[in-house]
Amino acid sequence: MDDAPRLPATKIQPPRLRSRRIPRPALEAELAAALLERRLVLVAAPAGFGKTAALTGALERLPAGTAVAWVSLDEDDDTPRLFEALAAALEPFDLPWRTAPQALAAQVGDAAEGTRRALAELVNALAGAEAVHGVVVLDDLHRVQSPPLQAFLESLIERLPARWTLALASRVEPPLALARWRVADELAEFGEAAMRFSDDESAALIAAEQPGALDALGDAAAGLVARTRGWPAGLRLCLAALRQRPALAATLAAHGRAPLVDRQLFDYLAAEVLDDMPIGLHDFLLRCSVLPALTAARCAQVSGDARAAQWLEEIERRGLFVSTLDDAQRTLVLHDLFRDALEDRLRRRLADELPALLQRAAASEPDPVRRIGFLLRAADWPAAEAALAVLAPELLLTGQGGELQRLAGQFPDPWRATSARLLRLQALARVQRWDWDGAAVDLRAALRAARARADADETALAQAYLANVLPELGRHDEEATLLADLRGQPRLPTEAHLLLLLGDCSRRFLAGDLAALPGLYSEVVDRLEQVDVLQTWWENAPPMSWSTLRGMRPVLERYSTGLLRRVGERELPLRALAHSQLAYVHLWAGRVEQALGEVRRAEADARWLAVAADVQANVSVLCLLVEAMLGHAEIVRLGLDGLLRGEQGSPERRRVWTYQVAIFGLRLTDLLGPDPDGLRHWSALLSANAPERPPEGGGSPSLAPARLAAAEGRWEDAAQGFAAALPNAPRLDQMGQAVELQLRCAQALARCGRVVEATAALRPALQRIAAEGELGHALMAGPAVLQELAEADWIAALPDAERAVLSEASGLARRLRQEAVPSPASSPTPTLVDAAASAPVAPASAGTDPLSEREREVLARIAAGDSNKVIARVLDISPHTVKRHVANILDKLALGSRGQAAAWWRAHP
């Protein structure tokens, strides 16, 4: 995740109070008290009653040290964007996030589990804040109509830590369970009656806005106050109109007694004000009303008027319904009522200019989502689609497939139905969410659209992606037709060619033609090395089950190192994937210390970056594999149980997933040592969940009876079962199972006195390890099997090189068990040995220091009272990197806040 926020600063910046603001001490004091004492504060009144100003004034009354986070909501905000804005607004307070907030934002609203996790992380981060009290303000809540967002707010209110208050400003009462909080006396409400100006405040407003007006207006002033009935926006606009046309006073004061507090009055008076403006200022305001915030640079670009800076000064001088956000660079925000009046007049008077104005606004907009919104409002579908195509890879890389779907859904149906690219992007978002049926529908439509436009590249891309989706749906005949067509084309786009090659690899793997895989996937990597598009690298990632195939290790090492080089310092879920692949490369080569280092990095990335379920599953499998080699049986048991609970999809998906986990559980249980009960448990799960067509990877369940027989000492049965599988060893060459089978078969045969057969079973494994340097394969048999074989008399007849391999493998397996630091049995996640320091990644006790040198430096600065920004500057690292170090420190020391971390540092000098 990049450090630079995608959101505009104006979204999380409270407005500056007007110099001519009318003090409302009683209201602001009551609001301030509520902000300190209640869980929820609601300010609900129609437009123009000063909700924002009242909240801003109340915030200034709060005690020093109160944390205040302000978010202004927009019509296009959804739950992920709200979460992103909240995290950005809370950034100055150095909350102790345990997961990158940008990664959490990508998961909010995408699935129930992702939303629950993000909410829990937010609540925990708020609870760990160092502020005595905190206030989160959501302004203009009425603009948002998203039910998921409202549900998120309900949950946030319910779980809000005691030291925090949520303040909502809205034109209408929001659809939240307010009655519950009223009954509990945890809700403070400020409605229209509370927000109305008193007669004295109205008189003060007249005096401030127009000195001498009270005397000049005479009785008409009282009439204006009476008729506007405490509506400050109406009264201010009356005064603005009177400055231009004093004769209006008698008219406004005399015509009846009906209160002038409605939108019609505002529109009428706004027209009076606008009509009497200098034409230059009038047109400038109209053209710039399309912008969410007015700065000199953007206004000049949109309006084409070089006098933008002077006009902004004049707007502020006239008090034309604007709020000021930034003193350093004058930034004005138009009041909603005034903006509506301007945009209405813009549509009526300068309608022909509106599309161009919106396009110019898009060109200067730093927020890519808002940029797309401007182009959609301009009905510039090609430019909007092009902008989305630029943004789409970033959204997909950061797990924001839901946001991509939402943006694609804003295009009109006729355009989307005929845009092959838009349909393809929509399909990729569905693939990220495992919606294979929906992806196939979109890709078939994309194929029709591309053919209708005779777009050869989009046709090939739609075919290639569809060909990779169809196997998930069992549509192999349709897949074969597409592939034949693709192979017949003289030229393919790079992405399509790569997908075609990767698909060929997968089909060879499923067919058992494993010898062809290294050459085919090497061609994929050759082509990948010529491109730097990370999305393309991710789409062509190899499955972990290929990691032990003969000849694949050098190719996978090229892929992993090439991917890491291109990811660089960016914190993307891809990092966890690359570190996992590299860990397997080192592990199967027997380079256990290097593998442990990569496992630690993969696990840390997966935790911090809230990676997608498939990447997390790969990391978890890797961690459990290493834990089993270290002999941490309880950690493995808990981890396997967690894997079983991890799949929450359809019954069929859960059945297939349970089958795969059961195969893995069977192997890890056997690796840990004789455990007949454990083997029977996993064998039963295999039988109960066996699919009609066994899924790829993980090994063959046919070894289960032989494993159980060996664990129970029924060596004849074990030898018979293992020996029957030997001819199929090349097809079982996944995750080290071919070598493991040969070693276990040799042990069983030797136990039966069949030494010649044992030797014949053993030697191919030893020869392969010696030739290819893949000592790690032997570790899957476990230290007991390896030691028994290494110490057997009959191996003396083997060549020296083969005996040396067996001795080295046996020694390595024993050292891993002997030197591994015991993991706490209560830990719910894998705990691994630190390859550098041989210290556990576990809650630290007195006398242990699990922190890295850099983490100790960061902790020392925390104890000195430095903020994340100061630490970043002192240590010459990014603030985002500091946040990750803080998360690691808190995790390793089992602490909940920066204050606790500082205390730990002082107690452990």
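Just so we're clear, the structure is a prediction, and the values are computed from it rather than from any experiment. Numbering of residues starts from 1 in every chain and runs along the sequence as written. pLDDT decides what is reported in this predicted model: residues at 70 or higher carry local features, side-chain atom pairs at 80 or more are listed and counted, and totals for whole chains, interfaces and linings draw on all residues regardless. Values reported for side chains reflect all heavy atoms of the structure, with hydrogen atoms and water molecules removed beforehand.

Colleague: I'd love a proper account of the environment of glycine 899, names of residues and values included.
Modeller: Note on conventions: DSSP H or I runs of at least 4 residues are helices, E runs of at least 2 residues are strands, and numbering of each starts at the N terminus. Following the sequence through the fold, glycine 899 ends up in helix H47 (residues 898-907). Remark: exposure states derive from per-residue accessible area (1.4 Å probe, protein chains only) relative to the maximum for the residue type, with buried under 20%, exposed over 50%, and partly exposed in between. A relative accessible area of 27% means that glycine 899 is categorised as partly exposed. C-alpha of glycine 899 to C-alpha of isoleucine 862: the two residues are 37 residues apart in sequence and 8.2 Å apart in space.

Colleague: Can you break down the nonpolar core residue by residue, with the values?
Modeller: Grouping buried Ala, Val, Leu, Ile, Met, Phe, Trp, Tyr and Cys residues that are joined through side-chain atoms within 4.5 Å yields what is termed a nonpolar core. Counting 173 residues, the largest nonpolar core has Leu138, Tyr521 and Leu625 as its most contacted members. Only heavy atoms enter the contact rule, under which two residues are in contact if any of them lie within 4.5 Å. Each residue touching tyrosine 521, except ones within four places of it in the same chain, is listed here: Leu502, Cys505, Asn540, Ala541, Pro542, Trp546, Met552, Val555, Leu556 and Tyr559. By size, the runner-up hydrophobic cluster in this structure holds 112 residues, among which are Leu346, Ala420, Leu423 and Leu470.

Colleague: Could you give an account of the packing of helix H22 (residues 401-408) against helix H24 (residues 420-432), with specific residues and numbers?
Modeller: A fitted line through C-alpha atoms serves as each axis, taken over the contacting stretch for helices, and the angle formed by two N-to-C directions is quoted from 0 to 180°. Where H22 contacts H24, the axes come no closer than 8 Å and their chain directions differ by 150°. Between H22 and H24, the angle falls in the class roughly antiparallel. Pair H22 / H24 crosses with left-handed handedness. Within the contact between the two elements, H22 uses Gly401, Leu404, Gln405 and Ala408 and H24 uses Leu422, Leu425, Gln426, Ala429, Arg430 and Gln432. Polar here means any residue other than Ala, Val, Leu, Ile, Met, Phe, Trp, Tyr, Cys and Pro, which are nonpolar, and Asp, Glu, Lys and Arg, which are charged; Gly is therefore polar. Its residues assigned to classes, the contact of H22 with H24 comprises five nonpolar, four polar and one charged. Roughly parallel refers to an angle under 35 degrees, roughly antiparallel to one over 145, roughly perpendicular to one between 65 and 115, and oblique to any angle outside these ranges. Throughout, a crossing is termed right-handed when the near helix is turned clockwise from the far one, and left-handed when it is turned anticlockwise from it by less than a right angle.

Colleague: Describe the packing of aromatic side chains, with residues and values.
Modeller: Any two of the Phe, Tyr and Trp rings considered here, Trp counted by its six-membered ring, make a pair once their centres fall within 6.5 Å; the pair's planes then place it as stacked at under 30 degrees, edge-to-face at over 60, or tilted in between. Summed over the entire model, instances satisfying the criterion amount to eight aromatic pairs. Aromatic pair tyrosine 584 and tryptophan 588: ring centres 6.2 Å apart, planes at 15°, arrangement stacked. With tyrosine 584 and tryptophan 588 both in helix H32 (residues 573-588) and four residues apart, this pair spans about one turn of that helix. Looking at tyrosine 584, the relative accessible area reads 0%, which means it is buried.

Colleague: Account for the pattern of salt bridges, naming residues and giving values.
Modeller: The term salt bridge refers to a side-chain nitrogen of Lys or Arg lying within 4 Å of a carboxyl oxygen of Asp or Glu. For the coordinates displayed, the defined rule picks out 80 salt bridges. Put simply, aspartate 442 and arginine 430 hold a salt bridge, and the shortest N to O gap is 2.6 Å. You can see aspartate 442 sitting in helix H25 (residues 436-452) and its partner arginine 430 sitting in helix H24, a full 12 residues away along the chain. Where glutamate 857 meets arginine 854, a salt bridge forms, and the shortest distance between an N and an O atom there is 2.8 Å. With glutamate 857 and arginine 854 both in helix H44 (residues 853-863) and three residues apart, this pair spans about one turn of that helix. The network of salt bridges with common partners includes Lys11, Asp74, Asp77, Arg81, Asp140, Arg143, Arg171, Asp336, Asp367 and Arg370.

Colleague: Before we move on, could you go through H22 and cite the residues and values that matter?
Modeller: Of all eight residues that make up H22, seven are buried, and the element is covered over most of its length. Burial in H22 covers these residues: Gly401, Gly402, Glu403, Leu404, Gln405, Leu407 and Ala408. Buried residues belonging to H22 abut helix H20 (368-377), helix H21 (381-397), helix H23 (413-418) and H24.

Colleague: An account of the side chain of aspartate 94 is needed here, citing residue identities and associated values.
Modeller: Residue position: aspartate 94 is located in the loop between helix H3 (79-90) and helix H4 (101-107). A relative accessible area of 11% means that aspartate 94 is categorised as buried. In terms of polar contacts, aspartate 94 uses its side chain to reach the backbone amide nitrogen of asparagine 868, at 2.9 Å. When residues no more than four places from it in sequence are discounted, the contact partners of aspartate 94 are Ser867, Asn868 and Arg898. Pairs of N or O atoms are called polar contacts if they sit within 3.5 Å, as long as, within protein, a hydrogen donor faces a hydrogen acceptor (for residues adjacent in sequence, only side-chain-to-side-chain pairs).

Colleague: I'd like a description of H24, backed by residues and values.
Modeller: Multiplying 1.5 Å by the helix residue count minus one yields the expected span of that helix. Taking 1.5 Å of rise per residue, the 13 residues of H24 would be expected to cover 18 Å, and the 19 Å separating its terminal C-alpha atoms lies within 8% of that figure. Within the span of H24, buried status applies to Ala420, Leu422, Leu423, Arg424, Leu425, Gln426, Ala427, Leu428 and Ala429. Residues of H24 that are buried sit in contact with H21, H22, H23, H25, helix H26 (456-469) and helix H30 (534-539).

Colleague: How would you summarise the sheet that holds strand S1 (residues 40-44) if you had to cite specific residues and measurements?
Modeller: Pairing between two strands is assigned when DSSP locates at least 2 bridges connecting them. Strand order in this open sheet of five strands is S2-S3-S4-S1-S5, and the pairing throughout is parallel. Of all the strands in the sheet, just strand S2 (67-72) and strand S5 (187-190) have a single pairing partner and so form its edges. With direction set aside, neighbouring strand axes in the sheet form an average angle of 15°. Relative to strand S4 (residues 164-170), strand S3 (residues 134-139) runs parallel, the two sharing five bridges. Bridge assignment links valine 137 to a residue of S4, and that residue is alanine 167. Sheet contacts for helix H2 (residues 51-60): S1, S2, S3 and S4; angle to S2, the most-contacted strand, approximately 165°.

Colleague: Could you give an account of the pairing of S2, with specific residues and numbers?
Modeller: Within S2, five of the six residues are buried, leaving the element largely enclosed by the surrounding structure. Inspection of the sheet shows S2 paired to S3 by six bridges, in the parallel sense. If you follow serine 72 over to S3, its bridge partner there is aspartate 139.

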